[in-house]
Amino acid sequence: AMLETNELVNQRSLGVRTVPVNQIVGTLSRTHGFDKIFMPDDPFTEQRWISVMKASYRGIALPPISLLKVGERYYVVDGHHRISVARAVGQTYMDAEVTEIELRPRAGTNQEAFVAEMREQLGALPGVSVSIGQPISHRIDHMLSGVRSQLAVKVFGPDLETLRRVARDVEREMSKVPGIVDLSVERQVEIPQVKIAIDRDVAGRYGLTVAEIGETLETALNGHPVGQVVTDQRTYDLVVWFDETSRNDLDTIRATLVKTPAGQMIPLSQFAVVEESSGPNTIYRENAQRRITVSANVAERDLGTVVKEIETRVADHVKLAEGTFVTYGGQFESQQAASRVIAILGVVVVVAIAFLLYMALHSWRMALMVMVNLPLAFVGGVIALKVTGLDLSVAAMVGFITLFGIATRNGIMMLTHYAHLMQVEGERFGPEMILRGTQERLSPVLMTALAAALGMIPFAIGGTNAGKEIMHPVAVVLLGGLVTSTLLNQIVTPALFYRFGRREWEGRARDSES
């Protein structure tokens, strides 16, 4: 019925040509409202969490829940009975006690409520930093930014006290942003130290340099290998240094003899001041600059929006001293880098598809008719993300690029069949030929679309199950795009070919006759 008269076809073709453009513009404008994240929500669902707790060297270290150790297993004894088994690992790192506990909830436990309760109870512990996540995602975060959190705000600068002040200000502003959880500043604690201040002028009169004095002190206090000892086919370094009592006695350190170039043995106290003081347990550096990290996770909001709000609050309310600056890392940084790469690859894919279509169809006009399937598929992918409530993650972006390649097949099948009917079977260009070609290609188009869709259905169903976290958004985008591109292709492609294909084929007919 659509192709009964030329007038009706022209009206329908104009209508079909206009509607997708409006849909595309509206859809593109709505994509700016998508929540943008790096990994899909709840990535690497392993049905367990890790609680990483960092405490000072003074011994503040509490388990995240009350556990009873029986053999190698830990059982909950706080009355909730929602944990079947837990595994705890404790270690001391940089004078801070770190406890890592993996918990496996029992079947039927409300995971979101349980995590929220854990955060509430653990956040009340003084002197303890907590980060709750999952084993693999924690390790990915650690590889991305050096901390086991989704977001790492790094403060760089030359002065340690200034860094601490700015880090506290950044933490204060971040705490006001909705969605921020597990917020903590990289913990630095004061520990006893022995400070040796060398008077360069006095040392110079003895002919000594700071480097020579440093070598002597390093041998005395840190040890220096002078040979090797072989015992039972094993080799051990022979190290010379002070005994433990002397290394911890200030008077002994002051009396350390340093050999001058003239051969004299001069006590260290003659040209240096040795005193007991305190200092940070560790100083972190990155790119040869001191830095302190403020880490956090994001819950119930997308990472991109949270980071933008944090950037605004930090820029407006945190005063940075000269030489101090702030960078944002973690999943946010990786998301931006991946988005840029995918955007470039997307453009390359579209250009490559257009070039290959031209090589196959020998006409830019025909190639553009096939390319119409790309926005049709894009509309379906966006609608599928909205309906399922998924965010625009890197995996979803990859799905769109994959979808573009799949969606062009339908248009190619239909246009090449139109050409076959006219060139081989002698059909004349007109509504009857287009209707016949469309009907004959309906089954092949549906079969190819269903073949691709059926392969994605297992990943689209049960996306929260372990092993489907990355492929789930890809499958959702592909299914949505295949539905819209397959259905609309049966309307749009015939109408476009009738509207713009006549000139192409009349030109080819004249060329063949000449």
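What comes next concerns the included structure. For clarity, every value in this text was computed on a predicted model and none was experimentally measured. (Residues numbered from 1 in each chain as written. Predicted model: local features only at pLDDT ≥ 70, side-chain atom pairs only at ≥ 80, totals over all residues. Heavy atoms only, no water.)

### A short note on the overall build of the protein
The test is simple: Numbering of helices and strands runs from the N terminus, with a helix taken as a DSSP run of H or I at least four residues long and a strand as a DSSP run of E at least two residues long. Buried residues are those whose accessible area, probed at 1.4 Å on protein chains only, stays under 20% of the maximum for their type, while exposed residues exceed 50% and partly exposed ones sit between those limits. Every residue pair with non-hydrogen atoms within 4.5 Å of one another is taken to be in contact. Here the accessible surface of atoms and residues is derived via Shrake-Rupley with a 1.4 Å probe, and residues count as covered only by protein chains that are part of the display.
If you tally the helices and strands in the protein, you get 16 helices and 17 strands. Out of the 514 residues in the protein, the part that is buried amounts to 43%. Sequence separation of at least 24 residues holds for 72% of the intrachain contacts in the protein that already meet a minimum separation of 6. Just so you have it, the protein exposes about 27,500 Å², and 56% of that area is on carbon and sulfur atoms.

### Considerations on a nonpolar patch on the surface
Filter applied, for reference: In this analysis, a patch consists of residues with relative accessible area above 30% that form no salt bridge, clustered at 9 Å for like charges and at 5 Å for the nonpolar side chains Val, Leu, Ile, Met, Phe, Trp and Tyr. Basic side-chain nitrogens of Lys or Arg form a salt bridge, by our definition, when they fall within 4 Å of a carboxyl oxygen of Asp or Glu.
Among the surface-exposed residues, Leu-442, Leu-446, Leu-450, Leu-454, Ile-457 and Ile-461 lie close enough to one another that they form a single nonpolar patch of about 540 Å² accessible area. In this fold, Ile-457 is placed in helix 15 (residues 442–460). Taking the relative accessible area as the measure of exposure, Ile-457 reaches 33% and is therefore partly exposed.

### Digging into the packing of helix 12 (residues 373–388) against helix 13 (residues 394–423)
Between two packed helices, both the angle of their axes relative to each other and the distance between the axes serve to describe the pair. Put simply, the test is: Lines are fitted to the C-alpha atoms to define the axes, a helix being fitted only along its stretch in contact, and any angle between axes, read from their N-to-C directions, falls within 0 to 180 degrees. In what follows, roughly perpendicular refers to angles from 65 to 115 degrees, roughly parallel to angles under 35, roughly antiparallel to angles over 145, and oblique to any angle outside these ranges. Left-handed is the label given to a crossing in which the near helix is rotated counterclockwise from the far helix by less than a right angle, and right-handed is the label when the rotation is clockwise. Here the term charged refers only to Asp, Glu, Lys and Arg, the term nonpolar to Ala, Val, Leu, Ile, Met, Phe, Trp, Tyr, Cys and Pro, and the term polar to all other amino acids, Gly among them.
Taken N-terminus to C-terminus, the directions of helix 12 and helix 13 make an angle of 140°; their axes are 8 Å apart at the nearest point. Taken together, helix 12 and helix 13 sit at an angle that is classed as oblique. Here the hand of the crossing between helix 12 and helix 13 comes out right-handed. Contacts between helix 12 and helix 13 involve Asn-373, Leu-374, Ala-377, Phe-378, Gly-381, Val-382 and Leu-385 from the first element and Ala-396, Phe-400, Leu-403, Phe-404, Ala-407, Thr-408 and Gly-411 from the second. Considering only residue class, the contact of helix 12 with helix 13 consists of 10 nonpolar, 4 polar and no charged.

### Points about unusual backbone geometry
The phi dihedral of Asp-182 falls on the positive side, at around 55°, and the residue is not glycine. Tracing the sequence through the fold places Asp-182 in strand 8 (residues 180–185). Since its relative accessible area comes to 10%, Asp-182 is described here as buried. If you check the backbone angles, Gln-233 has positive phi at about 65° while not being a glycine. With respect to the secondary-structure elements, Gln-233 resides in the loop between strand 10 (224–231) and strand 11 (234–240).

### Regarding helix 9 (residues 303–317)
Cut-off, in case you're wondering: By this rule the span expected of a helix is its residue count minus one, scaled by 1.5 Å. By definition, the arc is the one covered by directions from the helix axis to the C-beta atoms.
The end-to-end C-alpha separation of helix 9 is 21 Å, in line with the 21 Å expected for 15 residues at 1.5 Å each. Buried within helix 9 are the following residues: Leu-303, Gly-304, Val-306, Val-307, Ile-310 and Val-314. The arc that holds the buried residues of helix 9, viewed along the axis, is 160°, so those residues lie on one side. Residues Lys-308, Ala-315 and Asp-316 are exposed on helix 9 and point more than 90 degrees away from its buried face. Contacts from the buried residues of helix 9 go to strand 7 (151–156), helix 4 (160–175), strand 8, strand 16 (289–298), strand 17 (325–330) and helix 10 (331–361).

### Quick look at the packing of aromatic side chains
Rule in force here: Aromatic pairing here means that ring centres of Phe, Tyr or Trp (its six-membered ring) are within 6.5 Å. Orientation follows from the plane angle: under 30 degrees is stacked, over 60 is edge-to-face, and everything else is tilted.
Following the criterion strictly, the structure yields 7 aromatic pairs and no others. Measuring from ring centre to ring centre gives 6.3 Å for Tyr-206 and Phe-271, while their planes differ by 55°; the resulting arrangement is tilted. Of this pair, Tyr-206 sits in the loop between helix 5 (200–205) and helix 6 (210–221) while Phe-271 is found in the loop between strand 13 (265–267) and strand 14 (272–280), placing the two residues 65 residues apart along the sequence. With relative accessibility at 2%, the residue Phe-271 sits in the buried group. Where Phe-429 meets Phe-497, the ring centres are 5.4 Å apart and the plane angle is 45°; that geometry is what we call tilted.

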